[in-house]
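# Reading the structure
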Amino acid sequence: MQAEVNTKLANEIKKRRTFAIISHPDAGKTTLTEKFLLFGGAIQTAGAVKSNKIKKHATSDFMDIERQRGISVATSVMSFEYKDILINLLDTPGHKDFAEDTYRTLTAVDSVVLVIDSVKGVEEQTKRLVEVCRMRDTPVIVFVNKLDRDGKNPFDLLDEIEAELNIQLHPLSWPIGMGKEFKGVYNLYEKSLLLFTPNQKITEEDVPIDNINDEIVEQKLGTKDAARLREDVELIDGVYGELDQQNYLDGKVAPVFFGSAINNFGVKELLETFIKIAPLPQEREVTTRVVEPYENKFSGFVFKIHANLDPRHRDRIAFLRVCAGKFERNKYFHHVRLSKNVRFSNPYSFLARDKDIIESAFPGDVVGLFDTGNFKIGDTLTEGEDFYFTGIPSFSPELFKEVVNKDPMKTKQLEKGLLQLTDEGVAQLFTQFGGNKKIIGCVGELQFEVIQYRLLHEYGASVQLNSLPYYKACWITSKDPKKLEEFIKFKSSNIARHKDGLLVYLAQSEWFLNTERTNNPDIEFHFTSEIHK
């Protein structure tokens with residue numbers, strides 16, 4: 001019986017691929033997400049299609065403020081099947097103000113697709129995101145988008161990506177022309193020609209060729225473009241050779257595809273290659289050991305919390321990544337931080353806003369758990385063992401505002417809203433030491449807008465946010481409790497308590513922070529906090 005269970009578990013794991021799409025804003029990430037969903041039959045029409053019959057917002061952007069601003073501010077989770085492979089796709093916010101949500105999402109995936117705009121090349125946010133992938137050796141596939149526009153020379157673009165992102169590339173497809181001259185791509189991996197026809201519903205013609213010197217290449221491309229393609233392919237083969245899949249899985253080499261997501265061109269080739277080469281659900285480090293996905297006992301962690309996913313019901317969903325064993329509906333699991341057993345009668349799988357109740361889930365899957373306030377980001381569920389999954393960061397905020405309640409009749413709603421929204425990881429909530437002044441800390445200005453908007457529209461709490469002159473918040477600890485007590489006493493106006501009970505020093509400037517660190521060698525100042533502590 002045990003061997004049977006293991007075989008079933010192994011088969012389920014083999015079927016799964018869990019990845020995130022990351023990019024700088026406007027590189028075409030959400031459009032690419034939709035095209036994947038179209039191939040998987042998860043949606044019938046893309047929200048980006050400009051038609052009166054279709055709502056003009058993307059499937060994965062479900063918050064009102066996202067639709068108004070045209071940006072993704074919360075990670076969306078979508079599951080779909082393609083060629084018997086179950087794909088769990090996490091679409092992340094591109095905007096830098098929501099980088100923290102993206103960083104945490106990267107802890108819940110096994111690989112990443114990075115979208116780069118062929119016109120703009122490498123942008124600031126791209127660098128930050130790739131640095132996080134490099135820290136974890138996460139396998140990356142690059143999709144160079146918007147080839148239907150006049151962009152950079154593909155060889156120059158590859159050089160720029162390698163230099164700026166400190167990552168070794170390996171092209172698996174190659175563009176033929178660009179912008180108005182764009183004729184398609186040559187699939188180096190499958191040795192086939194994909195022809196582009198603009199302004200048509202089906203924009204791809206797949207021409208298998210045994211040899212790139214075949215006459216059909218001239219017939220389809222013309223003499224000049226055929227000759228240039230052959231030159232380019234010869235050069236690429238000479239420089240890059242065959243792809244070493246292990247180097248990709250180790251995060252040392254990033255395969256590159258070229259295409260146009262808005263025209264649905266080159267997307268299928270990316271998806272087909274992805275399911276062949278992308279990693280299966282991987283092992284994870286915990287505080288006591290390494291957890292293997294093939295273990296019989298279930299374990300997983302919460303990497304995201306979202307209140308009011310459905311505005312008609314005041315629901316709160318915790319997003320749990322299954323790391324090992326089998327998750328089952330109505331089965332009791334051990335909540336490590338609270339040290340109590342919990343069970344879930346309505347666990348969900350996701351297609352953006354739509355939720356389907358599931359009976360079971362396996363490593364790689366992302367499950368939505370209806371939450372009544374039991375969960376925080378980083379919480380671990382197991383079948384009895386006590387450990388935490390490591391590496392889920394909480395970053396030191398750099399912008400601070402005091403929350404001023406404009407309607408004292410709504411104090412309870414405000415308290416609830418602040419707690420729930422900051423539990424989601426959108427921002428951090430501090431209370432000034434010795435008082436009750438509420439301070440919100442964020443890494444980006446736009447987060448304040450989102451909090452103010454959501455407090456009003458979801459909780460009916462109207463607030464004013466007043467800027468505070470702080471440069472950074474640092475968690476403070478000391479091995480000498482007396483020294484810590486003295487420091488808090490003398491610096492009380494700069495001390496706050498994080499809503500999780502941890503003490504924080506609010507520095508007015510880099511100079512003040514460095515001075516305090518020098519003057520107080522017994523106090524440790526931390527810039528990140530492992531969330532579960």
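Predicted model, so just to flag it, every value in this text is computed and none were measured.

Calculation notes
Residues numbered from 1 in each chain as written. Predicted model: local features only at pLDDT ≥ 70, side-chain atom pairs only at ≥ 80, totals over all residues. Heavy atoms only, no water. Helix = DSSP H or I, 4+ residues; strand = E, 2+ residues; numbered from the N terminus. Buried < 20%, exposed > 50% of the residue type's maximum accessible area, 1.4 Å probe, protein only. Contact = heavy atoms within 4.5 Å. Areas by Shrake-Rupley, 256 points an atom, 1.4 Å probe, with all protein chains shown as cover. Expected span 1.5 Å × (residues − 1). Phe/Tyr/Trp six-rings, centres within 6.5 Å; stacked < 30°, edge-to-face > 60°. Lys NZ or Arg CZ within 6 Å of the ring centre and 35° of its normal. Pairing = 2+ DSSP bridges. Axes fitted to C-alpha atoms, helices over the stretch in contact; angles between N-to-C directions. Salt bridge = Lys/Arg side-chain N within 4 Å of Asp/Glu carboxyl O. pLDDT = per-residue confidence, 0-100. Parallel < 35°, antiparallel > 145°, perpendicular 65-115°, else oblique. Nonpolar A, V, L, I, M, F, W, Y, C, P; charged D, E, K, R; others polar. Core = buried A, V, L, I, M, F, W, Y, C linked by side-chain atoms within 4.5 Å. Polar contact = N/O pair within 3.5 Å; in protein donor to acceptor, adjacent residues only side chain to side chain. Left-handed = near helix turned anticlockwise from the far one by under 90°.

Moving on: the overall build of the chain. Across its full length, the chain holds 14 helices and 33 strands. Here the chain holds 533 residues, and 56% of them are scored as buried. A separation of at least 24 residues holds for 71% of the contacts in the chain among residues at least 6 apart in sequence. Accessible surface for the chain amounts to roughly 23,700 Å². Of this, 47% is attributable to carbon and sulfur atoms.

Taking 1.5 Å of rise per residue, the 18 residues of helix H8 (residues 223-240) would be expected to cover 26 Å, and the 26 Å separating its terminal C-alpha atoms lies within 8% of that figure. Looking only at H8, the buried set comprises Asp225, Ala226, Leu229, Arg230, Asp232, Val233 and Ile236. On the buried face of H8, the contacting elements are helix H6 (154-165), strand S6 (168-171), strand S7 (173-176), strand S8 (184-187), strand S9 (192-196) and helix H7 (215-221). Directly after H8, the chain includes Gly241, whose backbone phi takes a positive value near 65 degrees.

With that settled, consider the environment of Arg17. Mapped onto the elements, Arg17 comes out in strand S1 (residues 16-23). It is 8.3 Å that separates the C-alpha atoms of Arg17 and Leu89, two residues lying 72 residues apart in sequence.

Moving on: the packing of aromatic side chains. Enumeration over the complete set of coordinates arrives at 21 aromatic pairs. With a centroid separation of 6.5 Å and 70 degrees between ring planes, the pair formed by Phe39 and Tyr82 is classed as edge-to-face. A residue pair is termed long-range when its members are at least 10 positions apart, and Phe39 in helix H2 (residues 29-39) and Tyr82 in strand S2 (residues 76-82) qualify at 43 residues. Taken together, the ring pairs in this structure connect Phe298, Phe327, Phe333, Phe344 and Phe375 into an aromatic cluster. Positioned above the aromatic ring of Phe448, the side-chain terminus of Lys401 is 4.8 Å from the ring centre. Lying over the aromatic face of Tyr471, Lys472 brings its terminal NZ or CZ to 5.8 Å of the ring centre.

Moving on, we come to the sheet that holds strand S30 (residues 495-498). Ordered by their spatial adjacency, eight strands build an open sheet running S28-S25-S27-S26-S30-S31-S29-S32, and the pairing between neighbours is antiparallel. Looking at which strands have only one partner, the edges of the open sheet turn out to be strand S28 (463-467) and strand S32 (523-526). Each adjacent strand pair in this sheet contributes to an overall mean axis angle of 40 degrees, direction not counted. Two strands pair when backbone bridges link them, and strand S26 (residues 428-432) and strand S27 (residues 438-442) are joined in this way by four bridges, in the antiparallel orientation. Looking at S27, one finds that Phe430 is bridged to Ile439. Where helix H13 (residues 481-490) meets the sheet, its contacts fall on strand S29 (472-478), S30, strand S31 (503-507) and S32, and the angle it forms with S29 comes to roughly 145 degrees.

Another aspect to go through is unusual backbone geometry. The phi dihedral of Asp84 falls on the positive side, at around 65 degrees, and the residue is not glycine. Residue classification places Asp84 among the exposed positions, given a relative accessible area of 63%. Even without being glycine, Asn166 reaches a positive phi, approximately 55 degrees. Accessibility expressed as a relative area gives 55% for Asn166, which makes it exposed.

As a further point, take the pattern of salt bridges. Where side chains of opposite charge bring their charged atoms close, a pairing between them can arise. Applying the stated criterion across every chain, the model contains 24 salt bridges. With a shortest N-O distance of 2.6 Å, Glu359 and Arg329 are connected by a salt bridge. Taken as a pair, Glu359 in the loop between strand S20 (354-357) and strand S21 (360-361) and Arg329 in the loop between strand S16 (327-328) and strand S17 (333-335) lie far apart in primary sequence, 30 residues in all. Residue class for Glu359 comes out exposed when judged on its relative accessible area of 53%. In this structure, a network of salt bridges that share partners links the residues Lys8, Glu12, Lys15, Arg16 and Asp365.

Per-residue pLDDT for the chain averages 83, and the proportion of residues at 70 or more is 85%. Considering each helix and strand of the chain separately, the mean pLDDT is smallest for helix H3 (residues 64-69), with a value of 51, and largest for S17, with 96. Note on residues 48-62: pLDDT is under 50 here. Beyond four places in sequence and across chains, it has 33 contacts. This model gives residues 69-75 a pLDDT under 50, and the stretch forms 34 contacts once residues within four places in sequence are excluded.

Moving on to the packing of H2 against helix H10 (residues 267-277). Following both chains from N to C, one finds H2 and H10 inclined at 70 degrees, their axes separated by 10 Å at the closest point. It follows that H2 is roughly perpendicular to H10 by the angle criterion. Facing Leu32, Lys35, Phe36 and Phe39 of H2, the residues of H10 in contact are Val267, Lys268, Leu270 and Leu271. Each residue belonging to the contact of H2 with H10 can be placed in one class, and the counts come to six nonpolar, no polar and two charged.

Our focus in this paragraph is the nonpolar core. Within the largest apolar cluster, 80 residues are counted, with the highest numbers of intra-cluster contacts made by Val142, Ile161, Leu193, Leu229, Phe327 and Leu369. With seven residues, the top contributor of residues to this core is strand S15 (residues 316-324). Not counting chain neighbours up to four residues away, the residues in contact with Leu229 comprise Trp174, Ile176, Tyr186, Leu193, Ile212, Val217 and Leu221. Judged by nonpolar contacts, the second largest core, of 29 residues, contains Leu89, Phe143, Tyr248 and Leu271.

Taking burial as the measure, the eight residues of S1 include eight buried ones, the bulk of the element. Residues Arg16, Thr18, Ala20 and Ile22 point to one face of S1 and Arg17, Phe19, Ile21 and Ser23 to the other, with burial holding for every one of them.

Along the chain, Lys83 falls in the loop between S2 and strand S3 (85-91). Separated by 189 residues in the primary sequence, Lys83 and Glu272 have C-alpha atoms spaced 8.9 Å apart. Non-local contacts of Lys83, meaning those with residues more than four positions away in its chain, are made with Glu272 and Ile275. A distance of 2.8 Å separates the side chain of Lys83 from the side chain of Glu272, its partner in a polar contact.

Moving on to the packing of helix H11 (residues 411-423) against helix H12 (residues 445-459). The angle between the axes and the distance between the axes are what describe a pair of packed helices. Look at H11 against H12: their axes get within 10 Å of each other, and the N-to-C directions meet at 125 degrees. If you check the angle between H11 and H12, you find them oblique. Where H11 crosses over H12, the two elements pack in a sense that is right-handed. Seen from H11, the contacting residues are Gln413, Leu414, Lys416, Gly417, Leu418, Gln420 and Leu421; seen from H12, they are Ile451, Arg454, Leu455 and Tyr459. For the contact of H11 with H12, the residue count by class is six nonpolar, three polar and two charged.

With that out of the way, let us pick up H2. Summarising burial for H2: nine of the eleven residues are buried, a large majority. Looking only at H2, the buried set comprises Lys29, Thr30, Thr31, Leu32, Thr33, Glu34, Lys35, Phe36 and Leu37. Positive phi appears at Gly41, one or two residues downstream of H2, with a value of about 70 degrees.

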